[in-house]
Each structure stands twice: as C-alpha cells, then as structure tokens.
Amino acid sequence: MNTQSKKAAPLGISDAEWQVRLDLAACYHLCALKNWDDLIYTHISATVPGEENHFLINPFGLRFEEITASNLVKIDLQGKIIGDQNVRVNVTGFAIHGAVHSARKDAMCVMHLHNENGVAVGMQQGGLLPLSQHAMRFYQQMGYHDYEGLALSPVEQTRLIERLGDYPAMLLRNHGTLISGRTIAEAYTLMDTLDKACAFQLKAQSGGGPLNIPSPEVCAKTYRELLGDGAPEGMLEWPALLRKLDAVSPSYRN
C-alpha cells in the first residue's frame, strides 16, 4: 500500500489513466534521483488505457523532478498533442518511442535515457558482457542499434525496431539505452538492472587484467532463473519504490 491516501482522478480523466499518470510521474522522479536525466532531454512514455495510439509523455522544457501526474501531456502516435494543453513536446524525441509503441503492442512503457553507464557500454564493440548476475538478465536478450545521427528517419525507425525485435532492452550505440516494459514498474526495474550491469562492467574493466566470464551454459541457466515464470517484473519492487518517493519527492502525485 502507498503511504499517502489515494487521490481521486481529476474530472475528465479515468481512474485507470490517473493511475498510469501517477506511476509514470513517479518513474520520472525515480530516474531523477538516480541522476539518469539529461537536463530537459530524454523521455519515458506510457500508453493511455482504453485509448488506442494515445500516449503520455513529459512536457518539453521541464526537468524530470518537475513532472507530475497532472502535467504529463497526452499525444498521438505522431506526437500531436491531444486536447487544448498549452505545452510543447519534443516530437523528434518521441520518434524512437513512437516506433517502439507502434511495433510492439506489449510496449506499455518505453524508456529512452542517456544514462552514463549505458552510453559508455554502448560505445564498446562487445556491448554488454555477461560478467555479472545483473547482466545475465539480458543474456542473448539485447538489441543493438548503430548511431546514425540526431534525427530518426522512417527508414531508420524500421531498422531500429527490427534490431530491437522482441527483446526488452537495447543499447543505442554512442547514444543511450532503451527499455520496453509491459508495465511502468517493469520498465523501471529493467532499466535499473541494465544500468547496474553496465556499471559493474565498467568497474571490472577499469581494474585491468583478464575478466572471468561464466560459461554459456551457466549464463543461459541464470537467465532462465532470473526470468522466472515470465510475469512482468517490478511488482514487488514498485510499492517499495513509491514509499521511498513519497518520503523524499512526493510532488509527483500532484
């Protein structure tokens, strides 16, 4: 249970949409606490329940810790604002999200960040190595997309989603990280796991000397154990994270 009493959804917003808004705003704040934000850039998007091809995203110009449930912007697949909200969105920045949402019906939440650990590992030709237990969560489950510049053309969108395939994660070479989650909680939990895996790799490499990589059989076995029954991840972690957030950054609920 959350530590704060449940606030009724504002007029014109369904209870289901309000819950998504609360969770998405919380995700932005949690990322800010991790220093995963990049000034006013990068985005986390989520589908609106019961509204096909409608999504929630941050207003362009606000820092992650300024995002609230009520100031999230509703847009369509082309990044056009739904309703009469007098705000801006980064349509170019939504291009990656829109491509994934369009191709992956299971992509309820799409996170694209420029977190330092992920960017650094994405610069390495070998990408993410199965060095840690955290990395093994993505064993043979990681897409890679080569850097092609700032703008994402329709042709590049096609290449990106082909390389992502059914994977939950992708490293955008020389650029950032991408997570597709079936829930907001799952997207955040997977991003946290990926960021730690990248950090462990960078620390191990900085020590010099040969690295110990478990056998493919052990890596595959560990992946299956971490995946469990395949249910969306983060169900246990999310309430605990919200309790933390309610103590240190409760404005996400506004």
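Residues numbered from 1 in each chain as written. Predicted model: local features only at pLDDT ≥ 70, side-chain atom pairs only at ≥ 80, totals over all residues. Heavy atoms only, no water.

J.: Tell me about the overall build of the protein, and name the residues and values.
T.: Across its full length, the protein carries eight helices and seven strands. Taking 2.2 N^0.38 as the reference for a compact globule, 254 residues should give roughly 18 Å; the C-alpha atoms of the protein span a radius of gyration of 18 Å, in line with that estimate. Over its C-alpha atoms, taken along the principal directions, the protein stretches across nearly 60 × 45 × 35 Å. Taken across its 254 residues, the protein has 46% of its residues classed as buried. Intrachain contacts of the protein at a sequence separation of at least 6 include 67% that bridge at least 24 residues. As displayed, the protein has an accessible area near 12300 Å², and 54% of this comes from carbon and sulfur atoms. (Helix = DSSP H or I, 4+ residues; strand = E, 2+ residues; numbered from the N terminus. Rg over C-alpha atoms; globule rule 2.2 N^0.38 Å. Buried < 20%, exposed > 50% of the residue type's maximum accessible area, 1.4 Å probe, protein only. Contact = heavy atoms within 4.5 Å. Areas by Shrake-Rupley, 256 points an atom, 1.4 Å probe, with all protein chains shown as cover.)

J.: Lay out helix H5 (residues 154–164) with the relevant residues and their values.
T.: Burial in H5 covers these residues: Glu 156, Leu 160 and Leu 164. End-on, the buried residues of H5 take up no more than an arc of 75°, which puts them together on one face. More than 90 degrees from the buried face of H5, the exposed residues found are Pro 154, Val 155 and Glu 162. Looking at the buried positions of H5, the neighbouring elements they touch are helix H2 (91–103), strand S5 (142–145), strand S6 (169–172) and strand S7 (176–181). Gly 165, located one to two residues past H5, shows a positive phi value of around 55°. (Arc of directions from axis to C-beta.)

J.: Report on the sheet that holds S7, specifying residues and quantitative values.
T.: The strand order S3-S2-S1-S4-S7-S6-S5 describes an open sheet built from seven strands, whose pairing is mixed. If you trace the sheet from one side to the other, it starts and ends with strand S3 (73–76) and S5, each paired once. Each strand axis lies, on average, 20° off the axis of its neighbour in the sheet, ignoring direction. Bridge analysis of strand S4 (residues 109–113) against S7 gives five bridges, and the strand direction is antiparallel. From the neighbouring strand, His 112 faces S7, where its bridge partner is Leu 178. (Pairing = 2+ DSSP bridges. Axes fitted to C-alpha atoms, helices over the stretch in contact; angles between N-to-C directions.)

J.: Before we move on, can you summarise the side chain of Arg 137 with the specific residues and values?
T.: Position of Arg 137 among the secondary structure elements: in the loop between helix H4 (133–136) and S5. Polar contacts involving the side chain of Arg 137 include one to the side chain of Glu 233, which spans 2.6 Å. For Arg 137, the contacting residues outside a window of four places in its chain are Pro 168, Leu 190, Thr 193, Tyr 223, Leu 226, Leu 227 and Glu 233. (Polar contact = N/O pair within 3.5 Å; in protein donor to acceptor, adjacent residues only side chain to side chain.)

J.: Just give me the short version of the pairing of S3, but keep the residues and values in it.
T.: Alternating positions in S3 separate into two faces, Val 73 and Ile 75 on one and Lys 74 and Asp 76 on the other, with burial throughout. Pairing of strand S2 (residues 54–57) with S3 involves four bridges; the strand directions are antiparallel. Bridging from a neighbouring strand, His 54 pairs with Asp 76 of S3.

J.: Residues and numbers for the nonpolar core, please.
T.: Formed by 49 residues in total, the largest nonpolar core has its most connected members in Cys 31, Ile 44, Met 111, Leu 128, Ile 184 and Trp 238. At the level of secondary structure, the elements contributing two or more residues to this core comprise helix H1 (15–33), strand S1 (43–47), S2, S3, S4, S6, helix H6 (184–206) and helix H8 (237–248). Excluding residues that lie within four positions of it along the chain, Cys 31 makes contacts with Trp 36, Asp 37, Ile 44, Phe 64, Met 111, Leu 113 and Tyr 188. Membership of the second largest hydrophobic core comes to eleven residues, among which are Ala 95, Val 110, Leu 152 and Leu 164. (Core = buried A, V, L, I, M, F, W, Y, C linked by side-chain atoms within 4.5 Å.)

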